[in-house]
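Residues per chain are reported as follows:
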Amino acid sequence: MATATSTSTVTSTAPPPFRYRHAIVRPLPAGFAAAALRATPVAIDQARAAAQHAAYVAALRATGVGVVELAAADDLPDSCFVEDTAVAVGGTVLITRPGAPSRVAETAGVRAAVAALGYAVVDAPAHAALDGGDVMWTGRELFVGLGGRTNDAGVAALAAAFPAIPVVPLRLADFAPAPAAAAHGASPLHLKSIVSMAPRQDVVLAPDDAVGRAVVAAMVRASRVRARYRALPLPHAPAANAVVVNGITLIRGDADLAESTRVLQRALPVTLAIDVSEIAKADAALTCCSLLLA
Ligand code: CIR
């Protein structure tokens, strides 16, 4: 169930960044529970995941953004994770080459929808590997996680698609969790599995641990626009992935992340909390279930 809260700890006189006209989503495919990729072989409840996905889409609609729902692709078990199929900034959309071979066919439906909406479409070359989950737009530069699902050619495709925007690679291997945490499945799949942007161009939602601190420090060191990013530290790592749409932030509302949910509700101007605990068993979070288009 999505709940709205309004708090005011993080304030800004600037207009909110991350303004979007459309959000592309795709229904949970029939084969999700059986075949969606996951690092640890955990069982997934299909009906529960589908209900959570529907609540997520309802929350997106509640932000007022125009939700475009693609036809389900039941033969592509990870196809609900549309974020990985494209990177959109302004009027340009780069169609990626997802790093997992089983996911490459997901791009066709997204490409057709984006083109029909009138965006300028660029295609990543076949030798590139690039997942949208590795790409974080701060409003001034693009950070890209390198090494897991994204390779050097993927980074080059990003730079070529957005020539006016600084593209800053960050090696995910530099942020490997301590062995004890990795043993519990905490190894990050994507850059945005670790951090995501708050509704400000200089605040980064990050786990309150060594990995979170290392990523934000690396962003400050590598920034091509000399941005002084600072972390909003969260007690639970999965809560650091949030979706900012037109001044509203979709945050994790899972029962076992309650302390982080409260931190986010206190810190951010307007939040909608959603439980995606079942979907998250497929190594997913909030950003991955939508593709936001300016
Ligand atoms: C995968 O392994 O590709 C999917 N099971 C999860 C993708 C999540 N994507 C994302 O966070 N951007």
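Residues numbered from 1 in each chain as written. Predicted model: local features only at pLDDT ≥ 70, side-chain atom pairs only at ≥ 80, totals over all residues. Heavy atoms only, no water.

1. Details of the overall build of the protein chain
Thinking step 1. The helix and strand tally for the protein chain stands at 7 helices and 16 strands.
Thinking step 2. Its C-alpha atoms give the protein chain a radius of gyration of 17 Å, near enough to 19 Å, the size a compact globule of 294 residues would have.
Thinking step 3. Judged by the C-alpha coordinates and their principal axes, the protein chain covers about 45 × 40 × 40 Å.
Thinking step 4. Counting only contacts in the protein chain whose residues sit at least 6 apart along the sequence, the fraction spanning at least 24 positions is 73%.
Thinking step 5. Roughly 11800 Å² of accessible area belongs to the protein chain as shown, and the carbon and sulfur atoms make up 57% of that amount.
Thinking step 6. Seen as two clouds, the 24 positive and the 23 negative side-chain charges of the protein chain have centres 8 Å apart. (Helix = DSSP H or I, 4+ residues; strand = E, 2+ residues; numbered from the N terminus. Rg over C-alpha atoms; globule rule 2.2 N^0.38 Å. Contact = heavy atoms within 4.5 Å. Areas by Shrake-Rupley, 256 points an atom, 1.4 Å probe, with all protein chains shown as cover. Lys, Arg positive; Asp, Glu negative; His and termini not counted. Charge placed at Lys NZ, Arg CZ, Asp CG, Glu CD.)

2. Comments concerning the nonpolar core
Generally speaking, soluble globular proteins have nonpolar side chains that are buried together.
Thinking step 1. Counting 52 residues, the largest nonpolar core has Phe 32, Tyr 56, Leu 60, Phe 81 and Leu 250 as its most contacted members.
Thinking step 2. When neighbours within four sequence positions are excluded, Leu 250 is seen to be in contact with Tyr 56, Ala 59, Leu 60, Thr 63, Ala 242, Val 243, Leu 272, Ile 274 and Leu 286.
Thinking step 3. In terms of nonpolar packing, the next biggest core, distinct from the first, is built from 18 residues, Leu 146, Val 155, Leu 158 and Phe 162 among them. (Core = buried A, V, L, I, M, F, W, Y, C linked by side-chain atoms within 4.5 Å. Buried < 20%, exposed > 50% of the residue type's maximum accessible area, 1.4 Å probe, protein only.)

3. Quick word on helix H4 (residues 152–161)
Thinking step 1. Among the residues of H4, Ala 153, Gly 154, Val 155, Ala 157, Leu 158 and Ala 161 are the ones counted as buried.
Thinking step 2. Where H4 is buried, its residues touch strand E4 (86–89), strand E5 (92–95), strand E6 (120–123), strand E7 (135–137), strand E8 (142–146) and strand E9 (167–171).

4. Observations regarding the site of the ligand
Thinking step 1. Taken together, 13 residues sit near the ligand, with Asp 78, Glu 83, Asp 84, Arg 103 and Arg 149 positioned nearest.
Thinking step 2. At 2.8 Å, a side-chain N or O of Asp 78 approaches a nitrogen atom of the ligand.
Thinking step 3. Within the side chain of Arg 149, one N or O atom sits 2.8 Å away from an oxygen atom of the ligand.
Thinking step 4. About the coverage of the ligand: the protein hides 97% of its 350 Å² of free accessible area. (Near = heavy atom within 4 Å. Polar contact = N/O pair within 3.5 Å; in protein donor to acceptor, adjacent residues only side chain to side chain.)

5. Section: the environment of Lys 281
Thinking step 1. Tracing the sequence through the fold places Lys 281 in the loop between strand E15 (270–274) and strand E16 (291–293).
Thinking step 2. With relative accessibility at 30%, the residue Lys 281 sits in the partly exposed group.
Thinking step 3. Between the C-alpha atoms of Lys 281 and Val 110, which are 171 residues apart in sequence, the distance is 24 Å.
Thinking step 4. With residues up to four places along the chain from it excluded, the contact list for Lys 281 reads Arg 38, Val 42, Ala 43 and Ile 44.
Thinking step 5. Side-chain polar atoms of Lys 281 contact the side chain of Glu 278, separated by 3.1 Å.

6. Here we look at the environment of Arg 213
Thinking step 1. Note that Arg 213 resides in helix H6 (residues 210–222).
Thinking step 2. In this structure the C-alpha to C-alpha distance between Arg 213 and Arg 230, which are 17 residues apart in sequence, comes to 9.3 Å.
Thinking step 3. Excluding residues that lie within four positions of it along the chain, Arg 213 makes contacts with Pro 207 and Asp 208.

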